[in-house]
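Residue-level structure breakdown
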Amino acid sequence: MDIRLNDILVMKKSHPCGEKRWEVLRTGADIRMKCLGCGHEVMQPRFKIEKNIRSIERKEETNK
């Protein structure tokens with residue numbers, strides 16, 4: 001799965017604060033992400049995160 005820095009991941013289950021969207025802060029074997037509702041940061045193994053993703057929202061990159 002192609003997960004990039006600054007992507008917004010929409011998860012299947014919501015965080016206890018009620019938000020389902022997370023911003024990717026770091027990628028690799030582990031992925032660090034921040035809840036867009038409360039700002040809580042977590043780091044989990046890639047395989048755990050990938051199986052819980054519903055969709056990926058990617059910001060369009062512009063080359064200037």
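Residues numbered from 1 in each chain as written. Predicted model: local features only at pLDDT ≥ 70, side-chain atom pairs only at ≥ 80, totals over all residues. Heavy atoms only, no water.

To continue, consider the overall build of the protein chain. Scanning the protein chain from N- to C-terminus turns up one helix and five strands. The order of helices and strands in the protein chain, counted from the N terminus, is β-β-β-β-α-β. A compact globule built from 64 residues should have a C-alpha radius of gyration of about 11 Å, and the protein chain, at 12 Å, falls within 12% of that. By sequence separation, contacts in the protein chain at least 24 residues apart represent 35% of the contacts at least 6 residues apart. By element, 45% of the accessible surface of the protein chain is carried by carbon and sulfur atoms, the whole surface being about 4600 Å². (Helix = DSSP H or I, 4+ residues; strand = E, 2+ residues; numbered from the N terminus. Rg over C-alpha atoms; globule rule 2.2 N^0.38 Å. Contact = heavy atoms within 4.5 Å. Areas by Shrake-Rupley, 256 points an atom, 1.4 Å probe, with all protein chains shown as cover.)

If you walk through the whole model with that rule in mind, you get six salt bridges. A salt bridge links Asp2 to Arg4, with the shortest nitrogen-to-oxygen separation between them at 3.1 Å. For Asp2, a relative accessible area of 42% translates into the label partly exposed. On the basis of relative accessible area, Arg4 is assigned to the partly exposed category, the value being 37%. With a shortest N-O distance of 2.8 Å, Arg58 and Asp7 are connected by a salt bridge. Pair noted here: Arg58 is in the segment after strand 5 (53-57) and Asp7 is in the segment before strand 1 (8-11), with a separation of 51 residues, a long-range link. (Salt bridge = Lys/Arg side-chain N within 4 Å of Asp/Glu carboxyl O. Buried < 20%, exposed > 50% of the residue type's maximum accessible area, 1.4 Å probe, protein only.)

It is worth spelling out the side chain of His15 at this point. Looking at the element boundaries, His15 is found in the loop between strand 1 and strand 2 (21-26). With a relative accessible area of 17%, His15 lands in the buried category. Discounting chain neighbours no more than four positions away, the residues touching His15 are Trp22, Cys35, Cys38 and His40.

Strands sit in the order 4-3-2-1-5 across an open sheet of five strands; the sheet is antiparallel. Both outer strands of the open sheet, strand 4 (41-45) and strand 5, are each paired with one neighbouring strand and no more. For this sheet, the mean inter-axis angle between neighbouring strands, taken without regard to orientation, is 35°. Two strands pair when backbone bridges link them, and strand 1 and strand 5 are joined in this way by four bridges, in the antiparallel orientation. Considered in strand 5, the bridge of Val10 is made with Ser55. (Pairing = 2+ DSSP bridges. Axes fitted to C-alpha atoms, helices over the stretch in contact; angles between N-to-C directions.)

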